[in-house]
Amino acid sequence: MLQKANSAAAPAKALISPRIDAICGGGLSLVIALVVIAYGSISSSGMDNMLIAVNAYLFSDLLINGPHFMASYRVLYSRRKNFRLHPMVTIGAPLLALAFLVYIAVWSVQEGSSSVEQMQGRRPTGMIVLGWLAPVLLGWHYVGQSWGATACFAHLAGFKMTARDRRLIRCGFYALFVYHVTWGVESMGLLTSWFPQQRAGEFLMESLMQICRVVVLVCFLLGLWGFRLMSVEQGRAVPATVWLPWVATFSWYVMVDIYPQSFFLLQIFHAVQYLMFPARVEMNARGNTRRMKLHMLTYYAALVMIGFVVFEWTQILGWTMSTVSVPFLFLGTATMMIVNVHHYFIDAVIWKIRDPEIRRSVFGHLETS
């Protein structure tokens, strides 16, 4: 009873602010996902306006997705000890990435006489392997972050999860990871190409997808029970900031399942949720100053500009040369792939909350509040 009373009396804490935590943590993406789900449920014509969709993707990719990648680099390389503790991530991976781009450039030049369509049909082995790894790495990265956000906001709200609560809530993220990988396999048509006889691969794939949907539903219900138990144990309602990342992540995958054309939104939602954390690290590093708003605007503008250069450097070269060659197209795709993969390993080292320095960089503002 004393533990419950203490929990109930714990003051509310926030990463940025209660409103921003709720909006970025999952509130905004949940609303958008529900709108897309409703639209996808009543529309059978697919993407009604491809131009609008492409422009929306490019706009959000520039202002949200690119900055979220660059923010992770800012956190990684601003901590000097990372060079000593994680040399493979800080130095080795960029060197491997550079070597990979050289490999793609050499391959593209050798295939330069072929058309883009022909080259797509025989992509270099490295890009094929990364393409196969993408569903695994991205799926684990997305659900891992959402779980981290859920656990973070539970900590800020003064909720201590028991091992049982953690298992019940987290099993939903595991189920979504399995769904993500299975959906990726379906999108690449792997089983269909491997087992073409009498459409065996097609039927097998559909069966796996149906099983995944059932597992996700069951784990969603188990998660609800987990949050219910948390509420009973603590003697108070679980705040929205705690369960929104969890609910929102389910809505992302329901959205993709009903309306596959919206898959690009999954990455944007992930990026919006992510950006809160490096923003808080930057604010804590800056300290309480009167120019904090100006600093954060400058910080964000720098992320946008650097992200644009990193992801569009081949396009920029094309503009200066007044042409876009076939090698440039493949180098641009390769850049996107290796940044995604490197980002996965960066996050594995910069958000280890057990590290006192990292914990202080994320929650340091609470010590002085």
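A brief structural summary. What you see is a predicted model, and the numbers here were worked out from it, not measured in a lab. (Residues numbered from 1 in each chain as written. Predicted model: local features only at pLDDT ≥ 70, side-chain atom pairs only at ≥ 80, totals over all residues. Heavy atoms only, no water.)

**Thoughts on the packing of aromatic side chains**
For the coordinates displayed, the defined rule picks out 20 aromatic pairs. When the centroid spacing of 4.9 Å and the interplanar angle of 10° are considered together, the rings of W183 and F263 count as stacked. Residue W183 is found in helix α8 (residues 163-188), and its partner F263 is found in helix α12 (residues 263-286); the two are separated by 80 residues along the sequence. Look at F263 and you get partly exposed, because its relative accessible area is 27%. Of the aromatic side chains, those joined through ring pairs into one cluster are F153, Y274, F277 and W351. (Phe/Tyr/Trp six-rings, centres within 6.5 Å; stacked < 30°, edge-to-face > 60°. Helix = DSSP H or I, 4+ residues; strand = E, 2+ residues; numbered from the N terminus. Buried < 20%, exposed > 50% of the residue type's maximum accessible area, 1.4 Å probe, protein only.)

**Focus: the state of the cysteines**
Across all of its chains, the model carries zero disulfides by this definition. Considering cysteine sulfurs only, C219 is the nearest to C171, which forms no disulfide, with 3.9 Å between them. Among the residues examined, C171 registers a relative accessible area of 16% and is labelled buried. (Disulfide = S-S within 2.5 Å.)

**With respect to the packing of α12 against helix α15 (residues 356-367)**
In the contact formed by α12 and α15, the axes pass within 8 Å of each other and the chain directions differ by 70°. Taken together, the axes of α12 and α15 lie roughly perpendicular to each other. The hand of the α12/α15 crossing is left-handed. For the pair α12 and α15, contact is made by R280, V281 and N284 and by R360, S361, V362, F363, G364 and H365, respectively. Its residues placed into classes, the contact of α12 with α15 shows three nonpolar, four polar and two charged. (Axes fitted to C-alpha atoms, helices over the stretch in contact; angles between N-to-C directions. Parallel < 35°, antiparallel > 145°, perpendicular 65-115°, else oblique. Left-handed = near helix turned anticlockwise from the far one by under 90°. Contact = heavy atoms within 4.5 Å. Nonpolar A, V, L, I, M, F, W, Y, C, P; charged D, E, K, R; others polar.)

**So, a nonpolar patch on the surface**
On the surface, a nonpolar cluster with roughly 550 Å² of combined accessible area is contributed by W194, F195, L204, L208, I211 and V215. The element that contributes the greatest number of residues to the nonpolar patch is helix α10 (residues 200-234), accounting for four residues. Mapped onto the elements, L204 comes out in helix α10. Look at L204 and you get partly exposed, because its relative accessible area is 38%. (Patch = residues over 30% accessible without salt bridge, like charges linked within 9 Å, V, L, I, M, F, W, Y side chains within 5 Å. Areas by Shrake-Rupley, 256 points an atom, 1.4 Å probe, with all protein chains shown as cover. Salt bridge = Lys/Arg side-chain N within 4 Å of Asp/Glu carboxyl O.)

**Overview of α10**
Here α10 contains 35 residues, and its C-alpha end-to-end distance of 51 Å stays within 8% of the 51 Å for a straight helix at 1.5 Å per residue. Phi turns positive, to about 75°, at G235, one or two residues after α10. (Expected span 1.5 Å × (residues − 1).)

**A closer look at the nonpolar core**
Counting residues in each nonpolar core, the largest one holds 74 residues, and the members touching the most others are I169, Y253, M255, I350 and W351. Residue contributions to this core peak at 10 residues, all from α12. When sequence neighbours within four positions are dropped, the list of residues in contact with I169 reads W147, M161, G223, G226, F227, M230 and W246. (Core = buried A, V, L, I, M, F, W, Y, C linked by side-chain atoms within 4.5 Å.)

**Side note on the pattern of salt bridges**
Should the charged atoms of two oppositely charged side chains come close, the side chains can pair. Taken as a whole, this structure holds seven salt bridges when the rule is applied. Of the charged contacts in the structure, one is a salt bridge between D355 and K81, with a shortest N-O distance of 3.0 Å. Here the residue D355 occupies a position in the loop between α14 (326-350) and α15, and K81 occupies one in helix α4 (residues 81-85), the gap between them amounting to 274 residues. With a relative accessible area of 22%, D355 lands in the partly exposed category. Among the ionic pairs, R164 bridges to D165, the shortest N-O distance being 3.8 Å. Via salt bridges that share partners, K81, D355 and E357 belong to a single interconnected network.

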